[in-house]
Amino acid sequence: MRDHPLVLHVLGARPNFVKAAPVVKGLAALGVRQGIIHTGQHYDALMSDVFFADLGLPEPIANLGVGSGTHARQTAALLTGLEDLVLEHRPALVVVYGDVNSTLAAILVCAKLGVPTAHVEAGLRSFDRGMPEEVNRIVTDALSDLLFATSPDALSHLANEGVAPAKVHLVGNPMIDSLFAALPSLDPAPVQERLGITGRYAVATLHRPANVDDPQAARELVDAVLGVAEQVPVIVPLHPRGRQRLAEAGLVDRDGLRIVDPLGYVDFLSLVRGAALVVTDSGGVQEETTMLGVPCLTVRPNTERPITVTHGTNRLVTPAALPAAASKALADGAATPSGELPPLWDGAAGPRIARVIDAWLRGDNLSPAAKGQAR
Ligand code: UD1
Ligand code: UDP
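Analysis parameters
Residues numbered from 1 in each chain as written. Chains lettered and ligands numbered in written order. Predicted model: local features only at pLDDT ≥ 70, side-chain atom pairs only at ≥ 80, totals over all residues. Heavy atoms only, no water. Helix = DSSP H or I, 4+ residues; strand = E, 2+ residues; numbered from the N terminus. Rg over C-alpha atoms; globule rule 2.2 N^0.38 Å. Contact = heavy atoms within 4.5 Å. Areas by Shrake-Rupley, 256 points an atom, 1.4 Å probe, with all protein chains shown as cover. Lys, Arg positive; Asp, Glu negative; His and termini not counted. Charge placed at Lys NZ, Arg CZ, Asp CG, Glu CD. Salt bridge = Lys/Arg side-chain N within 4 Å of Asp/Glu carboxyl O. Buried < 20%, exposed > 50% of the residue type's maximum accessible area, 1.4 Å probe, protein only. Core = buried A, V, L, I, M, F, W, Y, C linked by side-chain atoms within 4.5 Å. Near = heavy atom within 4 Å. Polar contact = N/O pair within 3.5 Å; in protein donor to acceptor, adjacent residues only side chain to side chain. Nonpolar A, V, L, I, M, F, W, Y, C, P; charged D, E, K, R; others polar. Phe/Tyr/Trp six-rings, centres within 6.5 Å; stacked < 30°, edge-to-face > 60°. Axes fitted to C-alpha atoms, helices over the stretch in contact; angles between N-to-C directions. Parallel < 35°, antiparallel > 145°, perpendicular 65-115°, else oblique. Left-handed = near helix turned anticlockwise from the far one by under 90°. pLDDT = per-residue confidence, 0-100. Expected span 1.5 Å × (residues − 1). Arc of directions from axis to C-beta.

S.K.: Would you take a moment to explain the overall build of the protein chain for this structure?
M.R.: Each helix and strand in the protein chain was counted, giving 17 helices and 13 strands. Here the C-alpha atoms of the protein chain give a radius of gyration of 20 Å, agreeing with the 21 Å that 2.2 N^0.38 yields for 375 residues. Taken along the three principal axes of its C-alpha coordinates, the protein chain extends 65 × 40 × 40 Å. Nonlocal contacts in the protein chain, meaning residues at least 24 apart in sequence, comprise 69% of its contacts between residues at least 6 apart. Only carbon and sulfur atoms are counted for the fraction: they give 54% of the accessible area of the protein chain, which is about 14,900 Å². Treating the 31 positive side-chain charges of the protein chain as one cloud and the 39 negative ones as another, the clouds have centres 4 Å apart.

This is the structure we're talking about:
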């Protein structure tokens with residue numbers, strides 16, 4: 001087995017774990033030698049460990065423990081830590097996910113070391129470079145050797161940026177694979193009972209810097225959420241990033257509003273499955289509500305996932321428009337424009353990605369360094 005080429009997955013933040021699980025499973029089914037490097041970007045048990053347990057991810061072979069910091073400090077720690085690990089393990093391919101700082105750092109390290117890379121969730125664009133994630137997406141796609149796209153719009157973005165079409169594979173959405181796999185265990189009743197919820201309710205998640213870092217923006221957002229809470233009880237499993245600023249802006253337990261710790265993957269999606277409405281600024285939650293058919297109001301001026309609007313239950317709203325949009329969504333229920341899920345959101349993206357990677361590992365396009373190891 002030691003002679004077989006090694007695939008390393010670099011994971012750091014909550015959404016990475018959800019996207020990687022089906023790819024890891026798919027590669028395991030093909031007998032590919034692989035390992036997970038956890039960067040430690042997310043480290044609280046409820047932001048990390050619970051996902052490994054809920055998704056059945058294998059233990060990481062290393063945890064860099066980089067923790068939190070400014071973009072530069074966190075990325076610097078990621079770069080030096082990942083360089084050491086990549087040199088130690090000499091992978092044939094490094095797989096990165098989504099658009100977080102751990103993704104960017106892994107791509108930069110591998111590009112400089114000449115180690116081939118694959119990007120899962122390539123080509124998404126919000127066209128808003130004020131979002132740290134947009135910078136990470138552009139750099140990651142420019143440097144990746146294999147690009148796995150979750151929706152057709154990604155293909156044209158990549159083509160417009162000069163990425164060779166031969167590197168790009170439209171494979172569907174592994175985050176939706178994880179959701180399909182979890183579906184039989186998504187029972188709203190136990191988590192509703194634990195949180196004391198009876199009747200209709202909404203779920204809100206808020207953590208985008210543009211919404212929660214600036215006190216004025218946070219106040220506008222909290223006022224908007226309070227406008228929803230006047231209509232229907234709102235449960236907020238709160239990301240650690242926004243906790244203090246949003247609390248200062250008035251997002252605290254009160255009539256109609258319940259603030260709780262982040263929930264584990266199965267608990268969270270169980271709660272969402274039973275919700276009348278979701279309010280969010282998350283990327284992944286826009287996709288999951290589309291698949292579950294739950295109305296979703298995304299409090300952002302743009303989305304890198306427009307397919308959740310054209311094919312799903314998602315609507316973009318300003319904070320000022322949120323209470324009225326919530327009232328309409330609660331009255332209308334979920335409206336999916338096309339009545340169909342986006343193409344290839346069928347629970348089989350992980351195996352598709354695994355097949356492409358396996359064929360690539362067997363093919364003749366390994367780098368000289370990896371070739372030496374592959375034999
Ligand atoms: C990161 C990603 C974002 C993604 C989000 C998923 C970047 C630039 N951003 O944002 O794209 O949507 O993860 O959740 O990579 N913290 C804790 N415990 C933890 C992790 C974080 O308390 O386990 C707190 C720290 O105060 C930290 C803050 O959250 O400073 C932000 O964490 P960080 O990983 O830098 O960015 P996120 O906002 O989580
Ligand atoms: N999620 C979770 N518990 C929560 C909130 C979110 O398990 O309390 C899951 C959610 O179902 C999705 C992922 O975390 O699978 C999305 O992560 P997040 O919103 O933090 O990041 P983004 O998708 O915005 O990058």
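S.K.: How should I be thinking about the pattern of salt bridges in this particular structure?
M.R.: Two side chains that carry opposite charge are able to pair once their charged atoms sit near each other. Applying the stated rule across the entire model yields 17 salt bridges. Of the charged contacts, one joins Glu 287 and Arg 305 as a salt bridge, the two residues approaching to 2.8 Å between their closest N and O atoms. Taken together, the positions of Glu 287 in helix H13 (residues 283–292) and Arg 305 in the loop between strand E12 (296–298) and helix H14 (307–310) put the pair 18 residues apart, joining distant regions of the chain. There is no split in this pair, since Glu 287 and Arg 305 are both buried. Within this structure, Lys 19, Asp 99, Glu 121, Glu 134, Arg 137, Glu 287, Arg 300, Glu 304 and Arg 305 form a network of salt bridges that share partners.

S.K.: Can you walk me through the nonpolar core in this structure?
M.R.: Generally speaking, soluble globular proteins have nonpolar side chains that are buried together. Leu 93, Leu 271 and Ile 357 are the most contacted members of the largest nonpolar core, which has 57 residues in total. The element contributing the most residues to this core is helix H1 (residues 14–29), with seven residues. Contact partners of Leu 93, with chain neighbours within four places excluded, come to Leu 6, Val 7, Leu 8, Pro 116, Thr 117, Ala 118, Leu 146, Ile 357, Trp 360 and Leu 361. Among the nonpolar cores identified, the runner-up in size contains 31 residues, and Ala 224, Val 232, Leu 238 and Ala 276 belong to it.

S.K.: Help me understand the site of ligand 2 in this model?
M.R.: Leu 263, Ser 282, Gly 283, Gly 284 and Glu 288 are the nearest of the 18 residues found near ligand 2. Separating an oxygen atom of ligand 2 from a backbone N or O atom of Gly 284 is a distance of 2.7 Å. Taken by itself ligand 2 offers 530 Å² of open surface, and the protein chains cover 98% of this. At the level of elements, H1, helix H12 (265–273) and H13 are the ones that each hand at least two residues to the shell around ligand 2. The class makeup of the residues in the shell around ligand 2 is ten nonpolar, five polar and three charged.

S.K.: How should the site of ligand 1 be read in this particular structure?
M.R.: The full set close to ligand 1 counts 19 residues, and His 42, Asn 101, Glu 133, Arg 208 and Arg 241 are the nearest of them. Within the contact set of ligand 1, an oxygen atom lies 2.9 Å away from a backbone nitrogen or oxygen of Tyr 43. About the coverage of ligand 1: the protein hides 84% of its 740 Å² of free accessible area.

S.K.: Explanation requested: the packing of aromatic side chains in the structure shown.
M.R.: Per the stated rule, a full pass over the model turns up three aromatic pairs. With a centroid separation of 6.2 Å and an interplanar angle of 40 degrees, the aromatic rings of Phe 17 and Phe 51 are classed as tilted. Placement of the pair is Phe 17 in helix H1 and Phe 51 in helix H2 (residues 49–55), with a sequence separation of 34 residues. A centroid spacing of 5.1 Å and a plane angle of 55 degrees characterise the contact between Phe 17 and Phe 52, whose relative ring orientation is tilted. With Phe 17 in helix H1 and Phe 52 in helix H2, the pair connects residues that are 35 residues apart, well separated along the chain. Exposure remark for Phe 17: the relative accessible area of 0% places this residue in the buried category.

S.K.: Any chance you could explain the packing of helix H4 (residues 101–113) against helix H5 (residues 132–143) here in plain terms?
M.R.: Helix packing geometry: the angle between the two helix axes and the distance between the axes. Between H4 and H5, the least distance of the axes is 9 Å, while the angle of their chain directions is 30 degrees. When the axis of H4 is compared with that of H5, the two are roughly parallel. The crossing of H4 and H5 is left-handed. Packed against H4, whose contacting residues are Asn 101, Thr 103, Leu 104, Ile 107, Leu 108 and Ala 111, the element H5 presents Asn 136, Val 139, Thr 140 and Leu 143 at the interface. For the contact of H4 with H5, the class distribution of residues is six nonpolar, four polar and no charged.

S.K.: Explanation requested: the confidence of the model for the protein chain in the structure shown.
M.R.: Interpretation of this model should avoid reading the predicted coordinates in detail wherever pLDDT is low. The pLDDT averaged across the protein chain works out to 95; a share of 95% of its residues lies at or above 70. The element-level mean pLDDT for the protein chain is lowest in helix H17 (residues 368–374), coming to 40, with strand E4 (residues 93–97) highest at 99.

S.K.: Just to check I follow, could you spell out helix H3 (residues 71–89) for this structure?
M.R.: Each α-helix turn comprises 3.6 residues. Residues three or four places apart therefore point the same way. In this model, H3 (19 residues) spans 26 Å end to end at C-alpha, consistent with the 27 Å of a helix rising 1.5 Å per residue. When we look at burial in H3, the residues that qualify are Gln 74, Thr 75, Leu 78, Gly 81, Leu 82, Leu 85 and Val 86. The buried residues of H3 occupy one face: seen down the axis, they fall within an arc of 145 degrees. Those residues of H3 that are exposed and aimed more than 90 degrees away from the buried face are Ala 72, Arg 73, Thr 80, Asp 84 and Glu 88.

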